[in-house]
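Architecture at a glance
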Amino acid sequence: MIQKNWTPREGGPYRIDVKHMNKPIRKYNRIAQYSYSQNGAYFITICTRDRQRILSNISVGTPLPGCPQPQNPGRTGHPGTGVPTVELLWHGAIADKYIQQMKDFYDDLSVDQYVIMPDHIHLLISIHNGEDTPEKRTSRIARFIGTFKRFCNKEYGENIWQGRFHDHVIRNQQDYDETWEYIANNPRKWAITRHILE
């Protein structure tokens, strides 16, 4: 039984805020003491608010006659099902435009690989500043994402994004290569898990 009038003291017990007990605890996914402004590569995921599927559609077309077929048809074992393609919707086309334009604003940052999924965007971003000087206020990654969202929202006329984004610091070349492949194969994974590709 929880007593609302416990008095905090060294070593406990501590007062429990019953009013906020049922609220989910937000996980802070940043690495402590790590500067997200330093050189390196980062895997970023940005989601739409409430995971609305407004950015793209994943569809599977029939391969054209004469085109080479993959030797490994995938987990499902049904050859000839086609290759998943990403069809950008209005929101996704605007997002794509600003991802392409961001290199004009950040000469020390590049988007090496990305995919616009129905309710999220994956980006593989590299920072390549020769000076490698950490910035005091906010990281280049956070500033890049904030600028990108702001440009998109201005054209949308509303905010469609979740407040936060997920990031992963790329540790080495193998991690980079695996992340690149994960992004490239994400439409196929989406199609398989949603039984579009069987």
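Residues numbered from 1 in each chain as written. Predicted model: local features only at pLDDT ≥ 70, side-chain atom pairs only at ≥ 80, totals over all residues. Heavy atoms only, no water.

**Here we look at the pattern of salt bridges**
Threshold: By salt bridge we mean one thing: a side-chain nitrogen of Lys or Arg within 4 Å of a carboxyl oxygen of Asp or Glu. Each helix is a run of H or I in the DSSP string that is no shorter than four residues. Each strand is a run of E no shorter than two, and both are numbered from the N terminus. Per-residue accessibility, obtained with a 1.4 Å probe over protein chains only, is compared with the maximum for each type, and a residue is labelled buried under 20%, exposed over 50%, and partly exposed between these values.
The final tally for this structure, using the stated rule, is 3 salt bridges. The shortest N-O distance in the salt bridge between Asp119 and Arg51 comes to 3.3 Å. Of this pair, Asp119 sits in the loop between β4 (109-116) and β5 (120-127) while Arg51 sits in the loop between β1 (40-47) and β2 (56-60), and the two are 68 residues apart along the sequence. Of the residues examined, Arg51 reaches a relative accessible area of 39% and is grouped as partly exposed. A salt bridge links Lys97 to Glu155, with the shortest nitrogen-to-oxygen separation between them at 2.8 Å.

**Looking at the sheet that holds strand β6 (residues 166-169)**
Backbone hydrogen bonds hold the strands of a sheet together, and the pairing may be parallel or antiparallel. Threshold: Pairing between strands requires that DSSP locate at least two bridges from one strand to the other. Note on geometry: axes are lines fitted to C-alpha atoms, helical ones only across the stretch in contact, with angles between N-to-C directions running from 0 to 180 degrees. Contacts are residue-level and defined by heavy atoms, with any inter-residue pair within 4.5 Å sufficient.
Taken in spatial order, the 4 strands make up an open sheet running β4-β5-β1-β6, and their pairing is antiparallel. The open sheet has two edge strands, β4 and β6, and neither has a second partner. Taken over all neighbouring pairs, the strand axes of this sheet differ in orientation by 20° on average, direction set aside. Helix α1 (residues 90-101) contacts β4 and β5 of the sheet and is inclined by roughly 160° relative to β4. Across the sheet, helix α3 (residues 173-193) is in contact with β1, β4, β5 and β6; its angle to β5 comes to roughly 160°.

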